[in-house]
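Fold and contact review
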Amino acid sequence: SLKGKVILNVSYIPKKYLSETLRIMRPVFTSPYVMSDRLVIVKEGQEIGDMVVPRGKVAVGTVCSVTVNAVFLKAGIPAVSKCGGVLEIEEGRPTRFVSLISYEGSSLDPLEVFIRGKMTDVKGAIRNGTGRVLASFREIPVVCHESAGDLAEKLKTRGIGGILSIGEPNRPLYEMPVSMDRVGMVIVGGLNPIAILEESGIPTESKAMSTLYEFSSLTNY
């Protein structure tokens, strides 16, 4: 129906950088490394979800990858989030995870940590096919393999194309081992548009999984 609440990451940037921000993020939203082609821009003093944008800032709301977990769960497919990481891209193709943080072992969102650590190269991945992007690793039951692929294709037609790859039963995916009777699934990070801002020298402050937002109110980039 293209209606209903989705989970947003909210990132604050100084309002003087707004036009530059939109220009820098543009190639990310036309690449395979974005969670959704929709976002919301909220000015200072206005509300985004249950938060008010601070003075002198602009909020950029991007769809969080955990939204996929919710969609899958509604479809009867339990997806378990294992790790957040940095995925290496070579010649336009994902090859392996070069850094990982377990969700169970961290009280912070791992992707925020990688952005702060300047460990991404989203710009390189988009420009010449070689770089490092944010992604997360999930597992689903092997009996859901076929239905998960069908649902992933349907999501693409609804503006949510963040599922980068679904592996084969009981086989590693991008060098990540998979539990018995499970299938690996890699989803791009919802904060990739923000990572490229940090790479370009624009200061950001992100809050992953910070609010719920009406999907129909988001704007196609």
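Preceding this section is the structure that the text describes.
The paragraphs below set out a description of the structure included in this document. (Residues numbered from 1 in each chain as written. Predicted model: local features only at pLDDT ≥ 70, side-chain atom pairs only at ≥ 80, totals over all residues. Heavy atoms only, no water.)

1. Observations regarding the overall build of the chain
Counting secondary structure elements, the chain contains six helices and twelve strands. For 221 residues, the compact-globule estimate of 2.2 N^0.38 gives 17 Å, and the chain sits close to it at 17 Å. In terms of its C-alpha atoms, the chain occupies a principal-axis envelope of roughly 50 × 35 × 30 Å. Per-residue burial for the chain yields a buried fraction of 49% across its 221 residues. (Helix = DSSP H or I, 4+ residues; strand = E, 2+ residues; numbered from the N terminus. Rg over C-alpha atoms; globule rule 2.2 N^0.38 Å. Buried < 20%, exposed > 50% of the residue type's maximum accessible area, 1.4 Å probe, protein only.)

2. Overview of the sheet that holds strand S10 (residues 182–188)
Reading across from one edge, S7-S6-S8-S10-S9 is the order of the five strands in this open sheet, with antiparallel pairing throughout. On the outer flanks of this sheet lie strand S7 (93–102) and strand S9 (163–166), each paired with one strand and no other. Within the sheet, the average angular offset between the axes of one strand and its neighbour, ignoring direction, is 35°. Sheet analysis places strand S8 (residues 131–141) next to S10, joined by seven bridges and oriented antiparallel. Paired with Ala-135 across the bridge in S10 is Val-188. Helix-sheet contacts for helix H2 (residues 66–74) involve strand S6 (80–90), S8, S9 and S10, and the interaxial angle to S8 is about 20°. (Pairing = 2+ DSSP bridges. Axes fitted to C-alpha atoms, helices over the stretch in contact; angles between N-to-C directions. Contact = heavy atoms within 4.5 Å.)

3. Description of the pattern of salt bridges
Enumeration according to the criterion identifies eight salt bridges in this entry. For Lys-118, the salt bridge goes to Glu-198, with nearest N and O atoms at 2.9 Å. With a gap of 80 residues between them, Lys-118 in the loop between helix H3 (110–116) and helix H4 (122–127) and Glu-198 in helix H6 (residues 192–199) connect regions that are remote in the sequence. Through salt bridges with shared partners, a single ionic network connects Arg-116, Lys-118 and Glu-198. (Salt bridge = Lys/Arg side-chain N within 4 Å of Asp/Glu carboxyl O.)

4. Focus: the layout of surface pockets
What the largest pocket holds in volume is close to 440 Å³. What lines the largest pocket is a set of 18 residues, among which Lys-3, Val-71, Leu-155, Arg-158 and Ile-160 lie closest to the centre. Element by element, the count of residues in the lining of the largest pocket is highest for H2, at four residues. (1 Å grid on protein atoms, 1.4 Å probe; cavity = no way out; pocket = protein on both sides within 12 Å on 5 of 7 lines; lining within 4 Å. Points joined across faces, edges and corners; volume = space filled by probe spheres on them.)

5. Description of unusual backbone geometry
A positive phi angle is found at Tyr-174, which is not glycine, with a value near 50°. Looking at where Tyr-174 falls in the secondary structure, it is placed in the loop between S9 and S10. With a phi close to 60°, Asp-181 is a non-glycine residue in the positive phi region. By the element assignment, Asp-181 lies in the loop between S9 and S10. When its relative accessible area of 47% is taken as the criterion, Asp-181 is described as partly exposed.

6. What to know about the nonpolar core
Leu-87, Phe-97 and Val-186 are the most contacted members of the largest nonpolar core, which totals 36 residues. Of all elements in the fold, only helix H1 (18–29), strand S5 (57–63), S6, H3, H4, S8 and H6 reach the threshold of two or more residues within this core. Beyond its immediate sequence surroundings of up to four residues, Val-186 is in contact with Leu-87, Phe-97, Ala-135, Ser-136, Phe-137, Gly-162, Ile-163, Leu-164, Ser-165, Leu-173 and Tyr-174. Among the nonpolar cores identified, the runner-up in size contains 30 residues, and Val-63, Leu-151, Leu-155 and Ile-163 belong to it. (Core = buried A, V, L, I, M, F, W, Y, C linked by side-chain atoms within 4.5 Å.)

7. Regarding the environment of Gly-190
Note that Gly-190 resides in the loop between S10 and H6. Residue Gly-190 is classed as buried on the basis of its relative accessible area of 5%.

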